[in-house]
2 protein chains.
Amino acid sequence: MPLPLNLAVLGTAGSGKTTLIRAFGRWMERELGRRVAFINLDPGVERLPFRPSFDLRRHFTVRGLMRRYGLGPNGAMVRASQLLERGAGRFAGEIRKVEAEVRLLDTPGQLEVFLFHGGGRLLSLLDGTTLSLFLLEARTVLDPAGLTLARLLSLSVQLRLGVPTLCVVNKVDQLGGGLEEVLREDLPRLEGIPGMEAELAGRLSSLLREFLPPARLVGVSAKRGEGMERLHDLVQEVFCACGDLT
Amino acid sequence: MPLPLNLAVLGTAGSGKTTLIRAFGRWMERELGRRVAFINLDPGVERLPFRPSFDLRRHFTVRGLMRRYGLGPNGAMVRASQLLERGAGRFAGEIRKVEAEVRLLDTPGQLEVFLFHGGGRLLSLLDGTTLSLFLLEARTVLDPAGLTLARLLSLSVQLRLGVPTLCVVNKVDQLGGGLEEVLREDLPRLEGIPGMEAELAGRLSSLLREFLPPARLVGVSAKRGEGMERLHDLVQEVFCACGDLT
């Protein structure tokens, strides 16, 4: 059995992580005959559209922490972060036992919980190759600052987690076109961003363009299952590059 | 009455936003005789150590949304984001009525709720001058990638919200020294970051150093009330620069 490919899907609340994981997992099973496993690392989710081989909720849930310790939603979230961080080694050990060609990891609804609390350590302890997919909603990349922000955040996620990171723009179905153009253009439209100096804009733009080429960004509609093939091609490309991140 | 200074404090869950707001607000009242108002934009907080002049929880709370719609914590958070976004204009209007020299705005425990859902619009509708303080825990900036990440994220916040952003490193009391050195050094230690090319590291490092000078970063202990004067000096410096962000 070859070493697995771990794909950690990160994104803001409501960006469609769980829906993407289901759609992409099913697509790989159906179209490529891949042996896919679903891993749930979100202690705040209540309904999952797939059966996880590892489920963090067997250890704790946000709702359970609210009840048990009389905490508010914020307090319970912080507590959950601490538990994720402390248990990272143990959880990684359990995930390593999940045999699959591709492991799809769903992360907490609150991006920062994973980013700042043990997520990087957990990923570093997995066997096989690990990539992360940073998911954003299409509408957030359509304003002038959006695309640059998406790229900056992708880069931040990559730095923080220490694994190659692809930027996935979800919910493209909600737009009447326009995204393709933005993505093809690949010129962050930085002019006119408030509080942004022209020179910083230009330099940042060229830096990001050079180091995070357009191929690193893909638009999908997880809900409609669109864009799965392109996403897979991109993942495969980065996977095969084996550490060559350009 | 001069136009107010609005300070929006953003940060990850548990970074100490509320504690900083209280400490900084009290310090400005006591030491400078400023007329300070506290604004709560976090629908998930349960206890506040100050009395807010505007409180988003009068409109909705995360716990209330869980109960009313039978939602889980994640679902309620997403719903809260939507409500914040839709009501941004109205909430800004209410905040404009709060008379003060300094308005301190506490934002949702989940950074991205404010960042991606109407936060920028709300801030743009306020009267006076608006800055944001991006709060991070000291321990997150001590690993090699941490300081660069902090700066990248500050820049992202600034881009997203369209207002000058200072990076505030909180909980410096929890470290046995070391942060001062890191901050003084101001050379993001990028070598050895996994998944980071040497050239990208170097270029990014020099770009960030040039455009986000050390003065833009300050260490505090909100809990002990330390670093308030330096924080105020920095805010004042950026405030007086009136749009000159360097």
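Preceding this paragraph is the structure being described.
Read on for an overview of the structure. (Residues numbered from 1 in each chain as written. Chains lettered and ligands numbered in written order. Predicted model: local features only at pLDDT ≥ 70, side-chain atom pairs only at ≥ 80, totals over all residues. Heavy atoms only, no water.)

## Re the pairing of strand β1 (residues 5–11) of chain A
All names here are of chain A.
- Burial analysis of β1 places seven of its seven residues in the buried class, which makes it a mostly covered element.
- Where burial is concerned, the two faces of β1 agree: the one with Leu5, Leu7, Val9 and Gly11 and the one with Asn6, Ala8 and Leu10 are both buried.
- Pairing geometry for β1 and strand β5 (residues 129–137), over seven bridges, is parallel. Residue pairing for β5: Ala8 is matched across the bridge by Ser132. (Buried < 20%, exposed > 50% of the residue type's maximum accessible area, 1.4 Å probe, protein only. Helix = DSSP H or I, 4+ residues; strand = E, 2+ residues; numbered from the N terminus. Pairing = 2+ DSSP bridges.)

## Overview of the sheet that holds strand β2 (residues 36–40) of chain A
Residues and elements named next belong to chain A.
- Taking strand neighbours across the sheet as the criterion, the seven strands line up as β3-β2-β4-β1-β5-β6-β7 in an open arrangement whose pairing is parallel. Single-partner strands in this sheet number two, and they are β3 (54–55) and β7 (217–219).
- Packing of helix α7 (residues 146–161) onto the sheet brings it into contact with β1, β5, β6 (165–170) and β7, and relative to β5 it is tilted by some 150 degrees. (Contact = heavy atoms within 4.5 Å. Axes fitted to C-alpha atoms, helices over the stretch in contact; angles between N-to-C directions.)

## Overview of the nonpolar core
- With 104 residues, the main nonpolar core has A:Leu10, A:Leu122, A:Leu123, B:Leu10, B:Leu122 and B:Leu123 as its most contacted residues.
- When near neighbours in sequence (up to four residues on either side) are disregarded, B:Leu10 contacts B:Lys17, B:Thr107, B:Leu111, B:Phe114, B:Leu115, B:Ser132, B:Leu133, B:Phe134, B:Leu135, B:Val157 and B:Leu161. (Core = buried A, V, L, I, M, F, W, Y, C linked by side-chain atoms within 4.5 Å.)

## Overview of the sheet that holds strand β2 (residues 36–40) of chain B
All names here are of chain B.
- The seven strands are arranged β3-β2-β4-β1-β5-β6-β7 in an open sheet whose pairing can be described as parallel. The open sheet has two free edges, formed respectively by β3 (54–55) and β7 (217–219), since each of these has just one partner strand.
- Taken together, the five bridges between β2 and strand β4 (residues 102–106) define a ladder with parallel strand orientation. Directly across from Val36, in β4, lies its bridge partner Val102.
- Strands β1 (5–11), β2, β4, β5 (129–137) and β6 (165–170) of the sheet are contacted by helix α1 (residues 17–32), whose axis makes an angle of about 170 degrees with β4.

## What to know about unusual backbone geometry
- A positive phi angle is found at A:Lys171, which is not glycine, with a value near 65 degrees.
- When you line up the elements, A:Lys171 lands in the loop between β6 and α8 (179–185).

## Quick notes on the packing of aromatic side chains
- According to the stated counting rule, one finds eight aromatic pairs over all chains in the structure shown.
- Ring plane angle 55 degrees and centroid distance 6.2 Å describe the contact between B:Phe54 and B:Phe91, whose orientation is recorded as tilted. Of this pair, B:Phe54 sits in strand β3 while B:Phe91 sits in helix α4 (residues 88–96), and the two are 37 residues apart along the sequence.
- Judged by relative accessible area, which is 1%, B:Phe91 ranks as buried.
- An aromatic cluster is defined as three or more aromatic residues linked by ring pairs; in this entry it consists of A:Phe54, A:Phe60 and A:Phe91.
- Looking at B:Arg79, its charged tip hangs above the ring of B:Tyr69, at a distance of 4.3 Å from the centre. (Phe/Tyr/Trp six-rings, centres within 6.5 Å; stacked < 30°, edge-to-face > 60°. Lys NZ or Arg CZ within 6 Å of the ring centre and 35° of its normal.)

Nothing here speaks to function; it is geometry throughout.
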